[in-house]
Amino acid sequence: MTEAPVSLWSVTAATLKKDIRLEWRSKDALNSMLFFSLLVVVIFSFSFDPLAEESRLIVGGLVWVAFLFAAVVALNQTWARELRNQVLDAYRVSPAPANALFLAKVLGNFIFVIVLEALMTPLFIIFYNLHVLGPVWQLIPIAFLGTWALVVNGTFFAAMSLRTRNRELMLPLLLFPISIPAVLGMVAGTTAVLTGDNPAHFYIVLLLTYDVVFTTAYLGLFETILHAE
Amino acid sequence: MKRGFLILSVLTGLLLVYASYQALEVAPTERTMGDVQRIFYYHVPSAWTAFLLFFINFVASIQYLARTKPSAQTATKWIFIAIGVAGAVASFLPPVQQQLTSLGMRPSALATTALMLPVFYLLLGKWFPGEKLDILAVTSAEVGVVFCTVVLVTGPLWARPVWGIWWAPGDIRLTSTLVLWLIYVSYLLLRRFSNSAQTQMLAAALAVSGALDVPLVYFSIWFFRTQHPQPVIGGNGSIDPRMLHILLLNWLAFLCFASLVCWSRFRLEVLKREVEEAYAMESLGEPVAVAPSMPLKRGTR
């Protein structure tokens, strides 16, 4: 290589901008995620009595199950989009660092899922008559760290499942087992805040550890995945 | 090679029979649980074997990944050595020692385990060079899943009469074993459905992330009160020496059995790859360049 290598941040920013612009114009991922989680909310509100006092105990699990499944819808599209016109192949031969692409995809998906959560939270409050008993502000770090955990895992495994025969089916099969500690942290943390019974600090620390460990690991491993054809 | 396999088979058969006899007949009956407790001689050895196999899978996978770059290879080697030395030194530090003794664990046991890590890592790399590491990873994952399934089946069978419930959700050992099983099943699924030419790399990456997940699973549930009996070795649990003796005998039998299965599975995988390679060479129109270690029969597909 004679030229100076392309900087990580410029590639990340360019890819992120492209993804956001694509999403802004098509709204494919966001629309399908929104409708999907709306369906989950409605179906679950039929199967449980939303007026029950226990709704506070179950909503933590419900919210995150809805977001988890909705995120899978978006994550499946994130790499499949790059397969058209051999964009991914072009990326592989370019001197751009592999991690820049990964970071951009993670950040893009993170933004989409956070937007989804912001739009869906009022609906959950309405459908389940939520009244938070614990410190509400703690839900924000839980949401951010939990979403990052979901998205960083999902983006990595979506790239991995791109190399399998049954792409769309493979993603949840790989993603869910690895995400169990993070899902447990999000669900138990949210429930702790909603009921106000016990402090949620432990879960925030757990999610933070999870995020740090897996983001580091995936940044180290992503190049292998990208180049495995 | 073939004779070794035969000797091991006979030895395993005899050991399994003898260990079963010891477990079902000779071992003293537990005072409160009665005969149900005898499942313990199958449950615990299966668990140890499964964990050992998953550990082998992890070490083989990380070594397979590191193999691609010389810098990564050196780095991983030194990380393993550092972990071993640090673990050995740390287990004799007064505060750690105190903590360990209060848990009923001997610091020397932990130090030995820590020192075994780099030794194990280096030996595995020496015995299984190159692609053999990946074959070892597949083999250990497959056999490990089988033993882990035995653990997950025998556990509830014991728990129902003793605890009154089949399964204790939120229990640390139950949940982490289940998650471990799920991770390795997804590992095997990935290997099965992958259509990449570098399945080995993908699988190794998944195995490493899976192994990183295990301590996190453990910590995520650590403050739930655990129902599971304390570990009998390196824990607070106490056990009759006769029972311990029979348990270890059973573990030896299970280990022999596991290595027997692993051995034949390893050979099968080696042969399968040789056949695939031969087919690939044939389709390229070149004479078969690989030297088959066993005569290939027709219709091997």
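Residues numbered from 1 in each chain as written. Chains lettered and ligands numbered in written order. Predicted model: local features only at pLDDT ≥ 70, side-chain atom pairs only at ≥ 80, totals over all residues.

Here the focus is the overall build of chain B. When helices and strands are counted, chain B shows nine helices and zero strands. If you list the helices and strands of chain B from N to C, you get α-α-α-α-α-α-α-α-α. Across the 301 residues that make up chain B, the buried fraction comes to 29%. Taking as baseline every contact in chain B between residues at least 6 positions apart, the subset at least 24 positions apart corresponds to 75%. (Helix = DSSP H or I, 4+ residues; strand = E, 2+ residues; numbered from the N terminus. Buried ≥ 20, exposed ≤ 12 C-beta atoms within 10 Å, placed from the backbone. Contact = placed C-beta atoms within 7 Å.)

Turning to the overall build of chain A, a few remarks are in order. For chain A, the helix and strand inventory stands at eight helices and zero strands. Scanning chain A from its N terminus toward the C terminus, one meets helices and strands in the order α-α-α-α-α-α-α-α. Along the first, second and third principal axes, the C-alpha atoms of chain A reach 65 × 35 × 30 Å. Counting every position in chain A, which comprises 229 residues, the buried fraction comes to 44%. Put simply, 86% of the contacts in chain A that link residues at least 6 apart link residues at least 24 apart.

If you look at the interface, chain A gives 25 residues, while chain B gives 26 residues. Listing elements by their share of the side of chain A that touches chain B, those giving two or more residues are helix H7 (167-195) and helix H8 (201-227) of chain A.

Before going further, it helps to examine helix H2 (residues 40-66) of chain B. Counted at 1.5 Å a residue, the expected span for H2 of chain B with its 27 residues is 39 Å, and the 39 Å between its end C-alpha atoms agrees. Buried residues dominate H2 of chain B, accounting for 24 of its 27 residues. (Expected span 1.5 Å × (residues − 1).)

The next point concerns the packing of H2 of chain B against helix H8 (residues 199-220) of chain B. All names here are of chain B. The geometry of H2 relative to H8 is characterised by a closest axis approach of 8 Å and an angle of 125° between their N-to-C directions. In this view, H2 runs oblique relative to H8, as classed from their interaxial angle. Crossing hand, H2 versus H8: left-handed. Seen from H2, the contacting residues are Asn-57, Phe-58, Ser-61, Ile-62, Tyr-64 and Leu-65; seen from H8, they are Gln-200, Ala-204, Ala-205, Ala-207, Val-208 and Ala-211. Each residue belonging to the contact of H2 with H8 can be placed in one class, and the counts come to nine nonpolar, three polar and no charged. (Axes fitted to C-alpha atoms, helices over the stretch in contact; angles between N-to-C directions. Parallel < 35°, antiparallel > 145°, perpendicular 65-115°, else oblique. Left-handed = near helix turned anticlockwise from the far one by under 90°. Nonpolar A, V, L, I, M, F, W, Y, C, P; charged D, E, K, R; others polar.)

Formed by 127 residues in total, the largest nonpolar core has its most connected members in Ala-71 of chain A together with Ala-137 of chain B. Among the elements that take part in this core, H2 of chain B stands out by supplying 17 residues, more than any other. Apart from the residues lying within four places of it in its own chain, the contact partners of Ala-137 of chain B are Asn-57, Ala-60, Ser-61, Tyr-64, Ala-203, Ala-204 and Ala-207 of chain B. (Core = buried A, V, L, I, M, F, W, Y, C linked by C-beta atoms within 7 Å.)

For the rest of this paragraph, the subject is the confidence of the model for chain B. When pLDDT is averaged along chain B, the result is 83; 87% of the residues meet or exceed 70. Here the predicted complex scores 0.85 on pTM and 0.85 on ipTM. (pLDDT = per-residue confidence, 0-100.)

All names here are of chain B. For helix H9 (residues 241-283), built from 43 residues, the straight-helix expectation of 63 Å at 1.5 Å per residue is met to within 8% by its first-to-last C-alpha distance of 62 Å. Taken as a whole, H9 has its buried residues at Ile-246, Leu-247, Leu-249, Asn-250, Ala-253, Phe-254, Phe-257 and Ala-258. Packed against the buried residues of H9 are helix H1 (2-26), H2 and helix H6 (131-163). In the stretch just after H9, Gly-285 is the one whose phi turns positive, near 80°.

Time to look at unusual backbone geometry. Residue and element names in this part refer to chain A. The backbone of Lys-27 shows a phi angle near 55°, a positive value even though the residue is not glycine. Within the fold, Lys-27 resides in the loop between helix H1 (8-26) and helix H2 (28-47). Lys-27 sits in the exposed class, given 12 other C-beta atoms within 10 Å. With a phi angle near 55°, Gln-86 is a residue other than glycine that sits in the positive phi range.

Here we come to the packing of helix H5 (residues 98-128) of chain A against H8 of chain A. Residues and elements named next belong to chain A. Here H5 crosses H8 at 110°, and the two axes come no closer than 9 Å. It follows from the interaxial angle that H5 and H8 lie roughly perpendicular. Judged by residue contacts, Ala-98, Asn-99 and Phe-102 of H5 engage Tyr-218, Leu-219, Phe-222, Glu-223 and Leu-226 from H8. Partitioning the contact of H5 with H8 into residue classes produces six nonpolar, one polar and one charged.

With that out of the way, let us pick up the environment of Arg-31 of chain B. On the secondary structure map, Arg-31 of chain B appears in the loop between H1 and H2. Residues Arg-31 of chain B and Lys-77 of chain B, spaced 46 residues apart in sequence, show a C-alpha to C-alpha distance of 49 Å.

Now for the environment of Glu-131 of chain B. Assignment of secondary structure puts Glu-131 of chain B in helix H6. For the pair Glu-131 of chain B and Thr-68 of chain B, spaced 63 residues apart in sequence, the C-alpha separation works out to 11 Å.

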